[in-house]
Amino acid sequence: MSRDPIDELGARLFEAAREEQPPQGAEQRALEVARCAAVSGSTSLSGVWHVARPKLLLWAAALALVLGLVAFGRREQPTSAIKREPLATTTQARASEAAVVPQPSAPPTASSEVRPAPRVVPTLARSAATLSDELELLKVAQNALVAGNTGAALQALDRYDVILRGNKKLVAEATLLRVETLSRAGQAKAAAELARDFIAKNPTSPLVDRARSFISKGE
Amino acid sequence: MSWPRRKILSASSGPDDARRPALESLVADHYSFVWRQLRGFGLSTVDAEDAAQQVFMIAARKLDTITTERARSFLYGTSLRVANNARRGLRRRREVSGDESAAAHADGPGPDQSSDLSEARTLLRELLAMLPDELRRVLVLAEVEQLEVQEIAVLESVPVGTAASRLRRARQQFRDLLAAAKHRNPFAVET
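Basis of the calculations
- Residues numbered from 1 in each chain as written.
- Chains lettered and ligands numbered in written order.
- Predicted model: local features only at pLDDT ≥ 70, side-chain atom pairs only at ≥ 80, totals over all residues.
- Heavy atoms only, no water.
- Helix = DSSP H or I, 4+ residues; strand = E, 2+ residues; numbered from the N terminus.
- Buried < 20%, exposed > 50% of the residue type's maximum accessible area, 1.4 Å probe, protein only.
- Contact = heavy atoms within 4.5 Å.
- Areas by Shrake-Rupley, 256 points an atom, 1.4 Å probe, with all protein chains shown as cover.
- Expected span 1.5 Å × (residues − 1).

Colleague: Please set out the overall build of chain A residue by residue, giving values where relevant.
Modeller: Within chain A, the secondary structure is distributed over eight helices and four strands. In chain A, the order of α-helices and β-strands from amino to carboxyl end is α-α-α-β-β-β-α-α-β-α-α-α. Here chain A, with 219 residues, has 46% of them falling under the buried criterion. The long-range fraction of contacts in chain A, counting pairs at least 24 apart against all pairs at least 6 apart in sequence, stands at 65%. Summed over its atoms, the accessible surface of chain A is roughly 11,200 Å², and 54% of this surface lies on carbon and sulfur atoms.

Colleague: Can you lay out helix α6 (residues 171-184) of chain A for me, pointing to particular residues and giving the numbers?
Modeller: All names here are of chain A. Over its 14 residues, α6 runs 20 Å from end to end, which matches the ideal 20 Å to within 8%, given 1.5 Å per residue. By the criterion of burial, α6 is predominantly enclosed, with 12 of the 14 residues buried. For α6, every residue scored as buried is listed here: E173, A174, T175, L176, L177, R178, V179, E180, T181, L182, S183 and R184. Phi turns positive, to about 90°, at G186, one or two residues after α6.

Colleague: Go over helix α5 (residues 150-162) of chain A, please, and point to the residues and values.
Modeller: Residue and element names in this part refer to chain A. Between its terminal C-alpha atoms α5 stretches 18 Å, which fits the 18 Å expected from 13 residues at 1.5 Å a residue. Judged by how many residues are buried, α5 sits mostly within the fold: 11 of 13 residues are covered. Listed as buried for α5 are T150, G151, A152, A153, L154, Q155, A156, L157, D158, R159 and Y160.

What follows is the structure, encoded as structure tokens:
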């Protein structure tokens, strides 16, 4: 007995739906985003929503990188007065890449001596920020922090703030890194104030909980 | 400050270790199912992908509470909530912008899709959208996922009898709608 044409049509429509596949790469993107959410502890899509777009996938990787390095780079260090070196700026625009030449850092001392900051070859002066540039500077800051050199970390963060112009994508991560650096430099009150300011300006950021953790330390 | 200890990418420690999925296997085993459900709930391909990301973000956050046996139920329930939120948001945006056309054309055939299949899926979505939500859901689970009534009852958290009754009504209503729209048969051969 032949099948009713309506039933046949219905079956073919459902077959078409069964055969529909997600867009290429969608599963991998979902996994990357889920990993970021697991690290940051947030399910807010406000900062992660557009990670689905292939060209912004790097953003999620950068977030995981910065948060992951901050999470595993904690180390107690002796409180010391930090004298911030003046920013290395140029009077001429340069096109060459920055070269951070780390100097051997002095061993921690009980005195209030400042660790020598790495000699930074000024570059990328007021250049338009690309995601790679932002990542590079934040990596420099992170590596300095992990090495216990909060002065160098703050210097790299200053360069991030001042030298890279344009619509930067990792501002929130840079701010949290600065909060952590200030805290580890013994400037708990400054860290708390910056954290409070961050939360006030970014109430829905996935990094709010992390920022809040520095407020109680400064009180 | 100690970073909150969170078993992120692997099953958490505890007596139920073997029964808890890792994030990677959760995504690999269930992504297509979640995505199809979101499509069945009426979302476009773009919105379904965004919603699927949100579903797995929520799952990642609650990985410690998900067992392998209950993973699909958890993801199904989460997908339903996320889809409802997404649809509310879409309705609000359309009300504000007055743009009804964008959604209708959001799912044109992709480069690897025939126009017949694309039209078939569009027709199916339109017909499903005319069904009450609870009937649409069971119909999609039965006809697209090809689940048994018992499995549908578990996912929908209803007795088996209720699931069976809804499925009967869903099939009948869908058939009636399809009969009225048979002139749009995308597989009809033109003579």
